[in-house]
Amino acid sequence: MSKRQLLVIGNGMVGQRFLEELVDLEHDFQVTVFCEESRPAYDRVQLSAWFSGATAEDLALGSVEFFEQHGIRFLCDEAVVSIDRDARVATGSKGSSFPYDVLVLATGSYPFVPPIAGSDRDACHVYRTIEDLEAIRASAASSRRGVVIGGGLLGLEAAKALKDLGLDTHVVEFAPRLMAVQLDATGGEMLRSKISALGVTVHTGKATQRIEDGSKHRHRLVFAEDELETDLVLFSAGIRPRDQLARDCGIEVGERGGVVVDDQCRTSDPAIFAIGEVALWQNRTYGLVAPGYDMARKLAAQLCGDTGALFTGADMSTKLKLLGVEVGSIGMAQGGAPDYRVCAIEDASSGVYKKLVLSEDGKRLLGAVLVGDTSDYDTLLQYTLNALDLPESPISLIAPASGDKPMLGVDALPATAQICSCNNVSKGDICGAISAGCTTIGALKKDTRASSTCGGCATLVKQVLDAELKTQGIEINNDLCEHFAYTRQGLYHLVRVNSIRSFAELLTLYGRGKGCEICKPAVASILASCWNDYVLDPRHVGLQDTNDNFLANLQKDGSYSVVPRVPGGEITPDKLLVLAQVAQKYDLYTKITGGQRIDLFGARVDQLPAIWRDLVDAGFESGHAYGKSLRTVKSCVGSSWCRYGVQDSVSMAIYIEERYRGLRSPHKLKMAVSGCTRECAEAQSKDVGIIATEQGWNLYVCGNGGMRPRHAELFASDLDDQTLIRYIDRFLMFYIQTADRLQRTSVWRDNLEGGLAYLQDVVINDSLGIADELEVQMQSVIDTYVCEWKRTIEDPEALKRFRPFLNDDQPDEQIIYVRERGQKRPARADEKLEKSADVLLETV
Amino acid sequence: MKNTSQWVEIGAVDDLIPGTGAAVRIQGKQIAVFRTDDGLFALDNRDPFSDANVLSRGLTGDIAGRLVVASPVYKQHFCLRTGECLEDDQHKVQSYPVDIRDGRVFVSASEEV
């Protein structure tokens, strides 16, 4: 018997989830997927992350490998243009016919653009696909101001994107308040004032009548009473189901759009189903991903024979951070039950508003609105979803933190409690996965999908994990190595608090054995971060890793490369000449680095002091290319020369490089400063990236290049010089204090519970009360900076180690070079063997 | 046959900084000498994995009770007493006897320990 043909039209988040659910079950379909876009499904929920660094790959949900692995025919760039229901044949946009037994519509929705004259002008965009984002970015490059039309959830997300692009951002909303669906009037007003304080101008109760040529900006939006000029317009006025295909073939659709489905997600044609945003269930469509995922799961189960898998509606609660403002909406946020009671707190000074909607008897929580502080969201949601009995005084659930706040510990939750609503993961599911060996958040995410969509339940998942591990008596080993039963963070604190100045002292007090090549450099780095002693001091020299050991970078043949510091990449011709002369004198292979410096290769260990004597005499300093420490601060020429620059990026880069030079850290640190939003210094690929704005500086953190490239994320906007430096001081010191050994800032950030928001809280809001301390510690490192090479060449004891042999001054005869393109390079093994001595080049 | 007649003086103990190694040349051969809390040790200076003369610049320590030096190039561990590579028994470096007399260090570069 040939397989039944299943066509899935649409490869968005829900269409993809349907396929994933299906392949997990035993099915007998030949599956064909139509994907209208040029790439498989990606995460639209996280779309705004694209502007703060995530790439299309980061957002990807589907992959060609997935389709291949499961024998799914994946048709990219192809839509379905018509369905012949009698013949059960669909016609693709490339003209081919596709017979089907079962057809699933997962066509999603399209952004609604209000019928306004001029809405099709240049630089007027919608916000739905990665292509849209690319177009927005392109328009933004020639824009100063951007307006989002629509002040709902998506509109505010889009506003964040415009702000991240450095535009003067405005939001225009037709309704009298923001997020009219999720918030009540007070909540909307609170959100408005918070967002306004962040520099986004909010206009409510304004209907755009037309868009025409502006005088100062590209466009002019004309309202009933006044007008607003802008360079870029982003429509985010809601979405509409993409039901045209269903309409065309006569399937029942709702009055206001949407393909009518029953609990089985079946349309009026029994062979055709609809899931996700295109489906209209009990006269409502769902614009959130969680209900779509639920439909996908239920439909897959049904098609595989589970007739009991029915879609029974979905919870529309949501928690998110819009432009940095926490917003939560649970259940019947605006009331709506026949009889209900309300209790609320409103604190205009801190910008916090919390409202509870209670059942008539006050025993059940029907809904809630949270603005400015969503820390109670998880608890409140559990009360609503699981219909738990409320405490006697429900207001205590949202009262400002005090000792007697009733705690709903995760232990109190039943196993059926839904923890992750996006993926319908219960506490029982999570505990099961933990028992099966998932003992980290990462493993749990992968196994159960909990917290893998919106991430809102991350804290709760972590709590369940911790509690369950404790219950099951599982211990996790975070020991640095066999010599120290501590994490790097633990050791850092021991060193700092007990004023420990040497490895021997630390090992005696807190370790065992002799140490190894893991703990010795790690402790050396901690000691250097804390006390900034000379790294080649006899107490420390035996701890230094390969490169720190001789203050140069070891190459494959045992020779070293030398990188003098060139702050900000700015160098005078005279100094450039010195580098050329030194390279010539010692016959060093010369290459420009990616960090705007010059790398001189092929120095034998015994040549290093002489090379550095020449360099130090000419005013060069160590570039610390060998250390887990600040490398370079790359810069563009900025406002001094560039027609587009808005700040002096070179001066800032030099200042920062000189401020943090020599700072030892858990891993290498790279920074960059760009003088405008064009970002020529590639600051968004650095641990610390700074991009000039008209008002000051935008600070990006936790990016990196290398094997797993990672875009930095916007940390704070429009900072003045002092605030910028203060934040960087705190950020770096907090990283140094708490990161694991060899952990780049990006991985560190990912492992911080609470992620970027937590980091912002610590650094910007000083939530741990350690900001002053961090700054003092940083200042102490800065004040004790000494160029390690200057110090070394003046220290006869330190120089003894650079002798080629203890008992012989002849250099290593096995370091042999050949010439290539006018410079030397290490001879390969075959060249060493084959060539006779006369073609080999001995460096003297 | 144990040959102990080729002891060569290579310098003073104090020329070696505790916890570090240094290269010496004995009859044209490059040897790494390490000073640890457990005494002095000598191995070939040549790292068989990188073919570079660098073992003297490795970090010393102990792994599961064995005194080792970690190659600074690719970080394999070599036993300071035997020269065995902990990660790969196909590779071994030569170890050499070391002796201290009156504060002077002597290494025997004979092929056998």
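What counts as what
Residues numbered from 1 in each chain as written. Chains lettered and ligands numbered in written order. Predicted model: local features only at pLDDT ≥ 70, side-chain atom pairs only at ≥ 80, totals over all residues. Heavy atoms only, no water. Helix = DSSP H or I, 4+ residues; strand = E, 2+ residues; numbered from the N terminus. Rg over C-alpha atoms; globule rule 2.2 N^0.38 Å. Buried < 20%, exposed > 50% of the residue type's maximum accessible area, 1.4 Å probe, protein only. Contact = heavy atoms within 4.5 Å. Lys, Arg positive; Asp, Glu negative; His and termini not counted. Charge placed at Lys NZ, Arg CZ, Asp CG, Glu CD. Areas by Shrake-Rupley, 256 points an atom, 1.4 Å probe, with all protein chains shown as cover. 1 Å grid on protein atoms, 1.4 Å probe; cavity = no way out; pocket = protein on both sides within 12 Å on 5 of 7 lines; lining within 4 Å. Points joined across faces, edges and corners; volume = space filled by probe spheres on them. Nonpolar A, V, L, I, M, F, W, Y, C, P; charged D, E, K, R; others polar. Core = buried A, V, L, I, M, F, W, Y, C linked by side-chain atoms within 4.5 Å. Salt bridge = Lys/Arg side-chain N within 4 Å of Asp/Glu carboxyl O. Pairing = 2+ DSSP bridges. Axes fitted to C-alpha atoms, helices over the stretch in contact; angles between N-to-C directions. Phe/Tyr/Trp six-rings, centres within 6.5 Å; stacked < 30°, edge-to-face > 60°. Domains from an automatic or database assignment. Buried area = accessible area lost by both parts, 1.4 Å probe. Polar contact = N/O pair within 3.5 Å; in protein donor to acceptor, adjacent residues only side chain to side chain. pLDDT = per-residue confidence, 0-100. Parallel < 35°, antiparallel > 145°, perpendicular 65-115°, else oblique. Left-handed = near helix turned anticlockwise from the far one by under 90°.

Engineer: Help me out: how do you make sense of the overall build of chain B in this one?
Structural biologist: Helix and strand counts for chain B come out as zero helices and twelve strands. Sequence-ordered secondary structure for chain B, helices as α and strands as β, is β-β-β-β-β-β-β-β-β-β-β-β. A compact globule built from 113 residues would reach a C-alpha radius of gyration of about 13 Å, and chain B, at 13 Å, matches this within 12%. Projected onto its principal axes, the C-alpha positions of chain B cover 35 × 30 × 25 Å. Split into buried and exposed, the 113 residues of chain B put 54% on the buried side. Of all intrachain contacts in chain B linking residues separated by at least 6 positions in sequence, the fraction that spans at least 24 positions is 41%. One finds the centroid of the 12 positive side-chain charges in chain B at a distance of 3 Å from the centroid of its 17 negative side-chain charges.

Engineer: Is there a simple way to explain the overall build of chain A in this structure?
Structural biologist: Helix and strand counts for chain A stand at 26 helices and 38 strands. Computed over the C-alpha atoms, the radius of gyration of chain A is 31 Å, within 12% of the 28 Å expected from 2.2 N^0.38 for a compact globule of 844 residues. Each principal axis of the C-alpha atoms in chain A carries an extent, and together these give about 90 × 65 × 65 Å. Within chain A, the fraction of its 844 residues that count as buried is 56%. A total accessible area of about 35900 Å² is found for chain A, and carbon and sulfur atoms account for 49% of it. Of the charged side chains in chain A, 91 are positive and 116 negative, and the gap between their average positions amounts to 3 Å.

Engineer: Is there a simple way to think about empty space enclosed by the protein in this case?
Structural biologist: A full pass over the atoms with the stated rule returns four cavities of 30 Å³ or more. Lining the largest cavity are A:Val541, A:Gly542, A:Asn549, A:Phe550, A:Arg801, B:Gly19, B:Thr20, B:Gly21, B:Ser56, B:Arg57, B:Gly58 and B:Leu59. Considered class by class, the residues forming the lining of the largest cavity number three nonpolar, seven polar and two charged.

Engineer: Hey, could you run me through the nonpolar core in this one?
Structural biologist: In a soluble, globular protein the nonpolar side chains are often hidden away together inside. Residues and elements named next belong to chain A. In this structure, Ile656, Tyr660, Ile690, Leu699, Ile728, Phe731 and Leu732 are the most contacted members of the largest nonpolar core, which totals 63 residues. Per-element accounting of this core gives the leading share, ten residues, to helix 20 (residues 721–738). Those residues in contact with Leu732, other than ones at most four positions away along the chain, are Tyr660, Leu663, Leu669, Met671, Val688 and Met778. Met13, Ile272, Val278 and Ala300 belong to the second-largest nonpolar core, a separate cluster that totals 54 residues.

Engineer: Would you take a moment to explain the pattern of salt bridges for this structure?
Structural biologist: Working definition: two side chains of opposite charge can pair if their charged atoms are close together. All names here are of chain A. In the structure shown here, the tally under the stated rule is 61 salt bridges over all chains. One salt bridge in this structure joins Arg85 and Asp269, with 3.2 Å as the shortest N-O distance. Note that Arg85 is positioned in the loop between strand 4 (80–84) and strand 5 (89–92) and Asp269 in the loop between strand 18 (259–261) and strand 19 (272–274), a separation of 184 residues in sequence. A salt bridge links Glu277 to Arg128; the shortest N-O distance between them is 3.0 Å. Here Glu277 is found in the loop between strand 19 and strand 20 (279–281), whereas its partner Arg128 is found in the loop between strand 9 (124–126) and helix 4 (130–140), with 149 residues between them in sequence.

Engineer: I would appreciate a short explanation of unusual backbone geometry in the present structure.
Structural biologist: It is generally the case that most residues other than glycine have a negative phi and that most peptide bonds are trans. Although it is not a glycine, A:Met179 sits at a positive phi angle of roughly 45 degrees. Mapped onto the elements of the fold, A:Met179 is located in the loop between strand 11 (168–172) and helix 6 (185–197).

Engineer: It is not clear to me how the sheet that holds strand 6 (residues 97–99) of chain A should be interpreted in this structure. Could you clarify?
Structural biologist: Backbone-to-backbone hydrogen bonds pair the strands of a sheet. The strands run either parallel or antiparallel. All names here are of chain A. Strand order in the open sheet formed by three strands is 4-5-6, and the pairing between neighbours is antiparallel. Sheet topology places strand 4 and strand 6 at the edges, where each strand pairs with a single neighbour. Ignoring which end each strand starts from, the neighbouring axes of this sheet average 25 degrees apart. Inspection of the sheet shows strand 4 paired to strand 5 by four bridges, in the antiparallel sense. Residue pairing across strands places Ser82 opposite Thr91, the latter belonging to strand 5.

Engineer: It is not clear to me how the environment of A:Gly513 should be interpreted in this structure. Could you clarify?
Structural biologist: All names here are of chain A. By the element assignment, Gly513 lies in the loop between helix 14 (503–510) and helix 15 (519–531). Taking relative accessible area as the criterion, Gly513 reaches 47% and is therefore assigned partly exposed. In this structure, the C-alpha to C-alpha distance between Gly513 and Phe484, residues 29 residues apart in sequence, is 9.0 Å.

Engineer: Would you explain the layout of surface pockets in this entry?
Structural biologist: Here the idea is plain: a probe the size of a water molecule rolls over the atoms and shows the empty space left. Each pocket or cavity is described by its volume, and for the second largest pocket that value is around 1000 Å³. Taken together, 40 residues make up the lining of the second largest pocket; nearest its centre are A:Asp164, A:Leu165, A:Gly166, A:Leu167 and A:Thr677.

Engineer: Can you walk me through the packing of aromatic side chains in this structure?
Structural biologist: Two numbers describe a pair of aromatic rings. These are the distance of the centres and the angle of the planes. Residues and elements named next belong to chain A. Enumeration according to the criterion identifies 19 aromatic pairs over all chains in this entry. Judged by centre distance (5.1 Å) and plane angle (80 degrees), the ring pair of Trp281 and Phe311 falls under edge-to-face. Of this pair, Trp281 sits in strand 20 while Phe311 sits in the loop between helix 8 (289–303) and strand 21 (318–322), and the two are 30 residues apart along the sequence. For Trp281, a relative accessible area of 7% puts it in the buried group. Looking at Phe311, the relative accessible area reads 0%, which means it is buried.

Engineer: Even after reading the chapter, I still don't get the domain arrangement of chain A, so can you show me in this structure?
Structural biologist: Accessible area lost upon the coming together of the parts is a frequently used measure of interface size. Residues and elements named next belong to chain A. When the domains of chain A are assigned, the result is domain 1 (4–110 + 241–303), domain 2 (124–237), domain 3 (315–408), domain 4 (412–476), domain 5 (488–545) and domain 6 (628–782). The C-alpha-based centres of domain 1 and domain 6 are spaced at 43 Å. When domain 1 packs against domain 6, close to 290 Å² is buried across both sides, 49% of that on carbon and sulfur atoms. Counting across the interface, domain 1 meets domain 6 through zero salt bridges. Counting the contacts that link domain 1 with domain 6 gives zero residue pairs in polar contact (both at pLDDT 80 or more).

Engineer: How should I be thinking about the confidence of the model for chain A in this particular structure?
Structural biologist: Detailed conclusions should not be drawn from predicted coordinates in areas where pLDDT is low. For chain A, per-residue confidence averages 90 on the pLDDT scale, and 96% of positions sit at 70 or higher. Throughout residues 836–840 of chain A the model reports pLDDT below 50, and contacts reaching past four residues in sequence, or to other chains, amount to five contacts.

Engineer: Even after reading the chapter, I still don't get the side chain of A:Ser502, so can you show me in this structure?
Structural biologist: Residue and element names in this part refer to chain A. Among the structural elements, Ser502 can be located in the loop between helix 13 (488–497) and helix 14. A residue is classified by how much of its surface remains accessible, and Ser502, at 11% relative accessible area, is buried. One polar contact links the side chain of Ser502 to the main-chain amide nitrogen of Glu505, over a distance of 3.2 Å.

Engineer: Which parts of the structure should I look at to understand the packing of helix 20 of chain A against helix 23 (residues 771–783) of chain A?
Structural biologist: When two helices pack together, their arrangement is given by the angle between their axes and by how far apart the axes lie. All names here are of chain A. Between helix 20 and helix 23, the least distance of the axes is 8 Å, while the angle of their chain directions is 90 degrees. What the angle tells us is that helix 20 and helix 23 run roughly perpendicular. The segment helix 20 lies against helix 23, with Arg726, Asp729, Arg730, Leu732, Met733, Phe734 and Gln737 engaging Ala771, Glu773, Leu774, Glu775, Gln777, Met778 and Val781. Residues that form the contact of helix 20 with helix 23 fall into these classes: seven nonpolar, two polar and five charged.

Engineer: Quick question: what am I supposed to make of the pairing of strand 23 (residues 340–347) of chain A here?
Structural biologist: Residue and element names in this part refer to chain A. The pairing of strand 23 with strand 24 (residues 352–359) spans eight bridges and is antiparallel. What sits directly across from Ala344, in strand 24, is Lys355. Hairpin geometry of strand 23 and strand 24 is characterised by an intervening segment of four residues between the two adjacent antiparallel strands and by a positive phi of about 70 degrees at Gly351.

Engineer: I tried to follow the packing of helix 17 (residues 573–585) of chain A against helix 18 (residues 608–617) of chain A on my own but got confused; where do I start?
Structural biologist: All names here are of chain A. For the pair helix 17 and helix 18, the least separation of the axes is 10 Å and the interaxial angle reads 160 degrees. The angle between helix 17 and helix 18 falls in the class roughly antiparallel. Between helix 17 and helix 18 the crossing geometry is right-handed. Touching Leu579, Val582 and Lys585 of helix 17 are Ile611, Asp614 and Leu615, all from helix 18.

Engineer: What is the right way to look at the interface of chain B and chain A in this model?
Structural biologist: If you look at the interface, chain B gives 33 residues, while chain A gives 35 residues. With both chains or domains summed, chain B and chain A bury close to 2700 Å², and 50% of this area falls on carbon and sulfur atoms. For the chain B face of the interface with chain A, the top three residues by lost area are B:Arg25, B:Arg57 and B:Leu59, together amounting to 30%. For the salt bridge of B:Arg25 with A:Glu813, the shortest nitrogen-to-oxygen distance reads 2.4 Å. One can count 23 residue pairs in polar contact (both at pLDDT 80 or more) joining chain B with chain A. Those elements giving two or more residues to the side of chain B that touches chain A turn out to be strand 2 (21–26), strand 6 (52–53), strand 7 (59–63) and strand 8 (66–70) of chain B. Across the side of chain B that touches chain A, the residue classes break down as 16 nonpolar, ten polar and seven charged.

Engineer: Looking at this structure, how should I read the environment of A:Glu794?
Structural biologist: Residues and elements named next belong to chain A. Assignment of secondary structure puts Glu794 in the loop between helix 24 (788–793) and helix 25 (796–800). Given the relative accessible area of 55%, Glu794 is considered exposed. A polar contact of 3.4 Å, which involves the side chain of Glu794, links it to the side chain of Lys790.

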